[in-house]
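# Breakdown of the fold
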Amino acid sequence: MLEIKNLSVCGKQQIPLLRNISFTLEQGQCLGLTGASGSGKTTLLKSVMGVLDDTCTITGGELLLDGEDLSMLSPSCRRALCGTTLGFVPQNPMTAFNRNMKMGTQLMETITARLGVSRHEAKVIAVENLEKVNLPDKERILNAYPPELSGGMLQRIAFSILLALNPSYILADEPTGALDTKTGNQIMQLLVELNKEGKTIIMVTHEPEIAAYAKRQIVI
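Keep in mind that this is a model prediction, so the values were computed, not measured. Within every chain, residues take consecutive numbers counted from 1 along the sequence as written. Thresholds applied to this predicted model are a pLDDT of at least 70 for local features of residues and 80 or more for the giving and counting of side-chain atom pairs; totals over whole chains, interfaces and linings are not thresholded and use all residues. The side-chain quantities take in all heavy atoms of the structure and omit both hydrogens and water.

## A short note on the sheet that holds strand β3 (residues 30-34)
To keep it simple, the criterion reads: Two strands qualify as a pair provided DSSP detects at least 2 bridges between them. Helix and strand definitions here come from DSSP, where helices need a minimum of 4 consecutive H or I residues and strands a minimum of 2 consecutive E residues; each element is numbered from the N-terminal end. Between N-to-C directions, angles span 0 to 180 degrees; the directions come from axes that are lines fitted to C-alpha atoms, helices contributing only their stretch in contact. The contact criterion used is simple: two residues touch if any of their non-hydrogen atoms lie within 4.5 Å.
Taken in spatial order, the five strands of this open sheet run β6-β7-β8-β3-β9, and their pairing is parallel. Single-partner strands in this sheet number two, and they are β6 (86-89) and β9 (216-219). When the angles between neighbouring strand axes are averaged without regard to direction, this sheet yields 15°. Docked against the sheet, helix α1 (residues 41-49) engages β3, β6, β7 (169-173) and β8 (200-204), running at close to 150° with respect to β7. In the packing of helix α7 (residues 181-196) onto the sheet, contacts are made with β3, β7 and β8, and the angle to β8 comes to roughly 150°.

## Concerning the side chain of D69
Keep this limit in mind: Throughout, exposure labels follow a simple rule: accessible area from a 1.4 Å probe, protein chains only, divided by the maximum for the residue type, with under 20% read as buried, over 50% as exposed, and the rest as partly exposed. The sign given to each residue is positive for Lys and Arg and negative for Asp and Glu; His and the chain ends receive no count. We count a salt bridge whenever a side-chain nitrogen from Lys or Arg sits within 4 Å of a carboxyl oxygen from Asp or Glu. By the criterion applied in these results, polar contacts are pairs of N or O atoms within 3.5 Å in which, for protein atoms, one can donate a hydrogen and the other can accept it, and in which residues neighboring in sequence qualify only through two side-chain atoms.
With respect to the helices and strands, the residue D69 is situated in strand β5 (residues 68-69). Buried charge without a salt bridge: D69, with R78 as the nearest opposite-charge side chain at an N-O distance of 7.2 Å. Among the polar contacts made by the side chain of D69, one reaches the side chain of S71 at a distance of 2.7 Å. Setting aside residues no more than four positions away along its own chain, D69 makes contact with E62, L63 and L64.

## Digging into the packing of helix α3 (residues 103-115) against helix α4 (residues 119-132)
Two packed helices can be described by the angle between their axes and the distance between those axes. Rules: Convention used here: angles under 35 degrees read as roughly parallel, angles over 145 as roughly antiparallel, angles from 65 to 115 as roughly perpendicular, and any remaining angle as oblique. By definition, turning the near helix anticlockwise from the far helix through less than a right angle yields a left-handed crossing, and turning it clockwise yields a right-handed one. Asp, Glu, Lys and Arg are counted as charged, while Ala, Val, Leu, Ile, Met, Phe, Trp, Tyr, Cys and Pro are counted as nonpolar; the rest, among them Gly, fall into the polar class.
At their nearest, the axes of α3 and α4 sit 9 Å apart, and the two run at 115° to each other. It follows that α3 is roughly perpendicular to α4 by the angle criterion. Judged by the sense of rotation from one axis to the other, the crossing of α3 with α4 is right-handed. Residues T105, L107, M108, I111, T112 and L115 of α3 lie in contact with α4, whose contacting residues are R119, A122, K123, I125, A126 and L130. Considered class by class, the residues forming the contact of α3 with α4 number eight nonpolar, two polar and two charged.

## Looking at the confidence of the model for the chain
What counts, and what does not: Per-residue confidence from the prediction method is given by pLDDT, with values spanning 0 to 100.
Looking at the chain as a whole, its pLDDT mean stands at 93, while 100% of the residues score no less than 70. Ranking the helices and strands of the chain by mean pLDDT puts strand β1 (residues 2-10) first, with 97, and helix α8 (residues 208-211) last, with 83.

Have a look at this one:
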């Protein structure tokens, strides 16, 4: 269960970004999070993940994950939750990758570190999940640098990492924003299947047809 209690976040010069946001998300639920641009949707997800920008500060409220207060955890414990307990699909996939490192290296290092498998096993897992997000040209992708790939491809690669790490909670920030309609629908079907398997999902979107996938919606 994820409980957000009166969460408030300020940015530069103490400008409020979130004010007293509260909701509870039961295990296995899917929540659509909507609101105007600048309303703080991404800030909320980053607060849960523990990856707020340096200019942002949580000024009030609680973040409880399965009854545990996330604010009381050390930075190393927060990092340990990322990937395998809390999975994040960023709105801008280019920011998720090191532009100076090949995609294959980044994928395998992430999978090896989080799942404790060998480099060979990590490559097998990476390839399997690239196929699931409709990226069949696997060797080209693994040998490419992020700037050599489109935003849509990077978004799908980020989603393939999420599938590989299999987190219990999925925080998806505009998961189809960089995708064409056909690929976006495929990604949404994967999210639906993950939800049916019991994954808890928060899905940020400004598109009504995407929000409709969630059985519950809130506006911030």
